[in-house]
Amino acid sequence: MASTNPKTYETTAPRKVAFLGLGVMGFPMAGHLALAGHRVTVYNRSAEKRIAWCKEFTGGAAPTPREAVADCDLVFCCVGNDDDLRSVVQGEQGAFAGMKSGAVFIDHTTASANVARELSAEAARRGLQFVDAPVSGGQAGAQNGLLTVMCGGEQAPFDAARPVAMAYSRAFTLLGASGAGQLAKMVNQVAIAGLVQGLSEAIAFGLKAGLDMEQVLEVIGKGAAQSWQMDNRGKTMIAGKFEFGFAVDWMRKDLGLVLDEAKRNGARLPVTALVDQFYADVQSLGGQRWDTSSLIKRLR
């Protein structure tokens, strides 16, 4: 089965680009770049993913980040966390060691604002440019090429990256200086955490009350209670199916970033902290890889 779904791409000049990290998000994102006509070289820690990508798409692969980025105008990255990001960027075989002067590194990892600022400063010292650009939309958004991208950095590298990144984006927006993209993604996760818990309680309550909850959601989904979560996860929550994308382990990682940042900036996040512990309960039930709507499992 193809890892991408058909999309009409905006016309833009072909560029030489690299993509580092071929996970559930990066694999189709890099695929859309190739399908849009860009010359793509990929890197992934496991050679199997590199080989599989090259079988599905037109492009090359390299055994190290440094070799992957050679002579590229733009370097895209999507890995797991701060440490993973540093491992592909820094060091003798890291991306920064191989990038040409003036090239732009666009990081789609959901990471800390601190690491974004740290790597942005290091890039500047090397004559490179850096944009932190975490994404929202999950695996389906990556496959469909319809991710929402929240960016932090300077205007010039953002402008250079945007036409190319629209191959896998529905929106690619600059929100402020370095770190602003990561902070915006934290806002996104705070909003989702509270919403999913509220939806979980609503569905669990309705089921206990003996209501036909599919019918109820259809009705209230036409009013003020409507949300993306209700439209896309309501029926699967009722059915007890939790195999649809963004995993609990990833959400806990993201909420950890949020709560660490809140300690630094003084924000009060009582609901977020509580929902984080509820996700810990889901992990203890064996739900590490269930999707985030599995919060309802605690209540049924």
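To be clear, the structure that these remarks concern was listed above.
Let us look at the structure shown here. (Residues numbered from 1 in each chain as written. Predicted model: local features only at pLDDT ≥ 70, side-chain atom pairs only at ≥ 80, totals over all residues. Heavy atoms only, no water.)

So, the overall build of the protein
Step number 1: Across its full length, the protein holds 13 helices and 9 strands.
Step number 2: Since a compact globule built from 300 residues should have a radius of gyration of about 19 Å, the 20 Å found for the protein is in line with a globular shape.
Step number 3: Counting across all 300 residues of the protein, residues that qualify as buried make up 49%.
Step number 4: Taking contacts inside the protein between residues at least 6 apart in sequence as the whole, the part at least 24 apart equals 68%.
Step number 5: For the protein, the exposed surface amounts to about 13,500 Å²; the carbon and sulfur share of it is 53%.
Step number 6: Positive and negative side-chain charges in the protein, numbering 31 and 29 respectively, have mean positions lying 1 Å apart. (Helix = DSSP H or I, 4+ residues; strand = E, 2+ residues; numbered from the N terminus. Rg over C-alpha atoms; globule rule 2.2 N^0.38 Å. Buried < 20%, exposed > 50% of the residue type's maximum accessible area, 1.4 Å probe, protein only. Contact = heavy atoms within 4.5 Å. Areas by Shrake-Rupley, 256 points an atom, 1.4 Å probe, with all protein chains shown as cover. Lys, Arg positive; Asp, Glu negative; His and termini not counted. Charge placed at Lys NZ, Arg CZ, Asp CG, Glu CD.)

Things to note about the sheet that holds strand 3 (residues 60-61)
Step number 1: The 6 strands are arranged 3-2-1-4-5-6 in an open sheet whose pairing can be described as parallel. With partners counted over all chains shown, the strands left at the sheet margins are strand 3 and strand 6 (129-132), one partner each.
Step number 2: Examined bridge by bridge, strand 4 (residues 74-77) and strand 5 (residues 104-107) share 4 bridges and lie parallel to one another. Looking across to strand 5, one finds that valine 75 is bridged to phenylalanine 105.
Step number 3: In this fold helix 8 (residues 155-165) packs onto strand 1 (16-20), strand 4, strand 5 and strand 6, with an angle of close to 70 degrees to the strand it touches most, strand 4. (Pairing = 2+ DSSP bridges. Axes fitted to C-alpha atoms, helices over the stretch in contact; angles between N-to-C directions.)

Regarding the environment of valine 42
Step number 1: The residue valine 42 is located in strand 2 (residues 39-43) in this model.
Step number 2: Owing to a relative accessible area of 0%, valine 42 belongs among the buried residues under this scheme.
Step number 3: C-alpha separation for the pair valine 42 and alanine 68, spaced 26 residues apart in sequence, amounts to 6.3 Å.
Step number 4: The contacts of valine 42, once residues within four sequence positions are left out, are Phe19, Leu22, Ala30, Arg50, Trp53, Gly60, Ala61, Ala62 and Ala68.

Quick look at the sheet that holds strand 7 (residues 135-136)
Step number 1: Strand order in the open sheet formed by 3 strands is 7-8-9, and the pairing between neighbours is mixed. Each edge of the open sheet is held by one strand with a lone partner, namely strand 7 and strand 9 (169-174).
Step number 2: Two strands pair when backbone bridges link them, and strand 8 (residues 147-151) and strand 9 are joined in this way by 5 bridges, in the parallel orientation. Counted as the bridge partner of valine 149 is phenylalanine 172 from strand 9.

Details of the packing of helix 10 (residues 213-220) against helix 11 (residues 228-239)
Step number 1: At a minimum axis distance of 10 Å, the contact between helix 10 and helix 11 shows a crossing angle of 170 degrees. With respect to each other, helix 10 and helix 11 are oriented roughly antiparallel. At the point where helix 10 passes helix 11, the crossing takes the right-handed sense. Here helix 10 contributes Met213, Glu214, Leu217 and Ile220 to the contact with helix 11, which in turn contributes Met230, Gly234, Lys235 and Ile238.
Step number 2: Across the contact of helix 10 with helix 11, the residue classes tally to 5 nonpolar, 1 polar and 2 charged. (Parallel < 35°, antiparallel > 145°, perpendicular 65-115°, else oblique. Left-handed = near helix turned anticlockwise from the far one by under 90°. Nonpolar A, V, L, I, M, F, W, Y, C, P; charged D, E, K, R; others polar.)

Section: the side chain of aspartate 276
Step number 1: Position of aspartate 276 among the secondary structure elements: in helix 13 (residues 270-284).
Step number 2: Relative accessible area serves as the criterion here: at 6%, aspartate 276 is assigned to the buried category.
Step number 3: Look past the residues within four positions of aspartate 276 in its chain and what remains in contact with it is Arg252, Leu255 and Leu259.

So, the pairing of strand 8
Step number 1: Most of strand 8 sits out of view: 4 of its 5 residues are buried.
Step number 2: Direction of pairing for strand 7 relative to strand 8: antiparallel, over a ladder of 2 bridges. Looking at strand 8, one finds that valine 135 is bridged to valine 149.
Step number 3: As a crossover connection, the stretch from strand 8 through helix 8 into strand 9 is right-handed. (Right-handed = clockwise from strand over helix to strand, strands pointing away.)

Describing the pattern of salt bridges
Step number 1: For the structure shown, the criterion picks out 11 salt bridges.
Step number 2: Ionic pairing is found between aspartate 254 and lysine 253, a salt bridge with its closest N-O pair at 3.2 Å.
Step number 3: Aspartate 254 sits in the buried class, given a relative accessible area of 3%.
Step number 4: Members of the salt-bridge network, linked through shared partners, are Arg15, Asp71, Asp73 and Lys100. (Salt bridge = Lys/Arg side-chain N within 4 Å of Asp/Glu carboxyl O.)

A few points about the packing of aromatic side chains
Step number 1: Tallied over the entire structure, the rule returns 9 aromatic pairs.
Step number 2: Between phenylalanine 105 and phenylalanine 130, the ring centres sit 5.6 Å apart and the planes meet at 5 degrees, which makes this aromatic pair stacked. One end of the pair, phenylalanine 105, is in strand 5; the other, phenylalanine 130, is in strand 6, with 25 residues separating them in the sequence.
Step number 3: Assessed through its relative accessible area of 5%, phenylalanine 130 is described here as buried.
Step number 4: Positioned above the aromatic ring of phenylalanine 278 is the side chain of arginine 298, whose terminal nitrogen or guanidinium carbon lies 3.8 Å from the ring centre. (Phe/Tyr/Trp six-rings, centres within 6.5 Å; stacked < 30°, edge-to-face > 60°. Lys NZ or Arg CZ within 6 Å of the ring centre and 35° of its normal.)

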